[in-house]
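# Observations on chain architecture
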Amino acid sequence: CCVVLGACLALGGSLALASAADCHAPPGGSVGKKACPDAAVPAAEHAKPLAGSSWRLVAMPSPGGAPGRVEIPPTQAYLVRFNEDGNASFRLDCNRGFGGWKMTLSGEASGQLTFGTVAVTRAMCPPGSFDSEVAQSLSRIRSWRIGEGRLYLSLTDDGGVLEWVDAPEFGR
């Protein structure tokens, strides 16, 4: 059984141009999939720092809007893998999820991030699990930043930050 969660946020657009050295076709044309200098393409198509990475959640805002944050117990696992094809895989404690993701760059290691519709299994996790809270937060993510070896996903409406550490073993 699955529940579908929707996420819909406006993405800012940044543009990048292919260099003239990379293009051997008339201006405005293309060689293979490489665009020529006067054809603008989204910067996210050139550099996706999240693509191919996996992360494990270590802290999240306190549930129910309470002040502070919750450290994730080692007995629970919340993981995300940003696949190169624009899909993401999730482990939400005893549940699994799958959906699309899109990002834009606003710096070398930051930008906007949205998840499309995410399908999540609905197994009944043990008491104390944050599976529902984490699943619901996916539709409220507005931006990302990598710093100090961690991924920080900011939520809309000052809803706090999900803090993740590198988890290269997930999804291999």
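What you see as residue numbers is a count from 1 along each chain, following the sequence as written. Only residues with pLDDT of at least 70 are given local features in this predicted model, and only at 80 or more are side-chain atom pairs given and counted; all residues enter the totals for whole chains, interfaces and linings. Heavy atoms from the whole structure form the basis of all side-chain values; hydrogens and water molecules are not counted.

## A few points about the state of the cysteines
Disulfide: a covalent bond connecting the sulfur atoms of a pair of cysteines. The criterion for a disulfide is a pair of cysteine sulfur atoms lying within 2.5 Å. For the structure shown, the criterion picks out one disulfide. Two residues, cysteine 94 and cysteine 125, share a disulfide whose sulfurs are 1.9 Å apart. Linking cysteine 94 and cysteine 125, the disulfide has an S-S dihedral of approximately -105° and is accordingly described as left-handed. With cysteine 94 in the loop between strand S9 (87–92) and strand S10 (95–107) and cysteine 125 in the loop between strand S11 (110–121) and helix H2 (131–137), this pair connects stretches of sequence that are 31 residues apart. Whether a residue is buried, partly exposed or exposed follows from its accessible area with a 1.4 Å probe, protein chains only, as a fraction of its type maximum: under 20%, in between, or over 50%, in that order. By relative accessible area, cysteine 94 is classed as partly exposed at 31%. A relative accessible area of 14% means that cysteine 125 is categorised as buried. Numbered from the N terminus, helices here are DSSP runs of H or I no shorter than four residues, and strands are runs of E no shorter than two.

## Comments concerning the environment of glycine 100
Among the secondary structure elements, glycine 100 is positioned in strand S10. With relative accessibility at 23%, the residue glycine 100 sits in the partly exposed group. On a C-alpha basis, the gap between glycine 100 and threonine 117 in space is 6.8 Å, while along the polypeptide they are 17 residues apart. Note on definitions: a residue-residue contact is assigned when non-hydrogen atoms from the two residues lie within 4.5 Å. Sequence-distant contacts of glycine 100, defined by excluding residues within four places in its chain, comprise Gly86, Asn87, Thr114, Phe115, Gly116 and Thr117.

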